[in-house]
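Structural overview for review
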Amino acid sequence: EAGVAQSPRYKIIEKRQSVAFWCNPISGHATLYWYQQILGQGPKLLIQFQNNGVVDDSQLPKDRFSAERLKGVDSTLKIQPAKLEDSAVYLCASSILTAGGMVGRAFFGQGTRLTVV
Amino acid sequence: ELKVEQNPLFLSMQEGKNYTIYCNYSTTSDRLYWYRQDPGKSLESLFVLLSNGAVKQEGRLMASLDTKARLSTLHITAAVHDLSATYFCAVIKTSGSRLTFGEGTQLTVNP
């Protein structure tokens, strides 16, 4: 079974530039997450989708971050404009939605390491 | 807001020794996960604990859940160098769907 695919693996940009990350979840997984992991910390949820609807974006800095999940499959996360403090690994994860409406175990992609200089 | 706390944050141990990592969380939950992360890598799922008293074991690792105490433990038996990694617990609160992570425990097993 193919895992969660993310690209690019690495990205270096200057502050105030924009950047986009792409994620392809495991086939059939209705729930998709974007997490930000700063070095030495635990992952922090940015946004959670269920199919193509947003379930939780309360921790997404909406003045500069945006995300979409068209057709309930692939997703993109964009940062515009980037700040130095956005340097982190951006992890995409996906999980099934059970018959009872509960999310299952989350499976993570390899992540995109963003460096803002 | 759900808070997840792990301790210790850093653990250095000798091969062959036993130790326990603790994960406390602040609200009711019936789903707790343990993940492993190697340097520069993504998160690998280790255990899913779904009910009070649940115990899961895989090799030298054993995880348990006490929902009344809001506590999970990850016990390491006779540690080996290959277990060196950062271990995260993550919790979904009852009736919720957000997966909230602890800060992680960085484990180093020395020969």
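Attention in this report is confined to the structure presented alongside it. Every value quoted in this text rests on a predicted model; they were computed, and no experiment measured them. (Residues numbered from 1 in each chain as written. Chains lettered and ligands numbered in written order. Predicted model: local features only at pLDDT ≥ 70, side-chain atom pairs only at ≥ 80, totals over all residues. Heavy atoms only, no water.)

The helix and strand inventory of chain B stands at zero helices and 11 strands. The secondary structure elements of chain B, listed N-terminal to C-terminal, are β-β-β-β-β-β-β-β-β-β-β. The C-alpha atoms of chain B give a radius of gyration of 13 Å, which matches the 13 Å a tight globule of 111 residues would have. Overall, chain B is about 45 × 30 × 20 Å in size when its C-alpha atoms are taken along their principal axes. Residues classed as buried in chain B amount to 46% of the 111 residues present. Long-range pairs, those at least 24 residues apart, make up 55% of the contacts in chain B between residues at least 6 apart in sequence. Carbon and sulfur atoms make up 49% of the accessible area of chain B, which totals about 5400 Å². Between the mean site of the 11 positive side-chain charges and the mean site of the 10 negative ones, chain B shows a separation of 5 Å. (Helix = DSSP H or I, 4+ residues; strand = E, 2+ residues; numbered from the N terminus. Rg over C-alpha atoms; globule rule 2.2 N^0.38 Å. Buried < 20%, exposed > 50% of the residue type's maximum accessible area, 1.4 Å probe, protein only. Contact = heavy atoms within 4.5 Å. Areas by Shrake-Rupley, 256 points an atom, 1.4 Å probe, with all protein chains shown as cover. Lys, Arg positive; Asp, Glu negative; His and termini not counted. Charge placed at Lys NZ, Arg CZ, Asp CG, Glu CD.)

Turning our eyes to something else, we now look at the sheet that holds strand S8 (residues 75–79) of chain A. Residue and element names in this part refer to chain A. One open sheet holds the four strands; their spatial order is S1-S3-S8-S7, and the pairing between them is antiparallel. Sheet topology places strand S1 (5–7) and strand S7 (65–68) at the edges, where each strand pairs with a single neighbour. In this sheet, neighbouring strand axes are inclined to one another by 15 degrees on average, regardless of whether the strands run parallel or antiparallel. For strand S3 (residues 19–24) and S8, the ladder comprises five bridges, and the chain directions are antiparallel. Bridging from a neighbouring strand, Trp22 pairs with Thr76 of S8. (Pairing = 2+ DSSP bridges. Axes fitted to C-alpha atoms, helices over the stretch in contact; angles between N-to-C directions.)

Quick look at the pattern of salt bridges now. One side chain can pair with another of opposite charge once the charged atoms of both are near each other. Inspection of every chain in the model, using the stated rule, returns four salt bridges over all chains. With a shortest N-O distance of 2.7 Å, Asp56 of chain A and Arg98 of chain B are connected by a salt bridge. Of this pair, Asp56 of chain A sits in strand S6 (residues 53–56) while Arg98 of chain B is found in the loop between strand S9 (85–93) and strand S10 (99–101), placing the two residues in two different chains. Note that Asp57 of chain A and Lys62 of chain A form a salt bridge whose closest N and O atoms lie 3.8 Å from each other. You can call Asp57 of chain A partly exposed: its relative accessible area is 26%. (Salt bridge = Lys/Arg side-chain N within 4 Å of Asp/Glu carboxyl O.)

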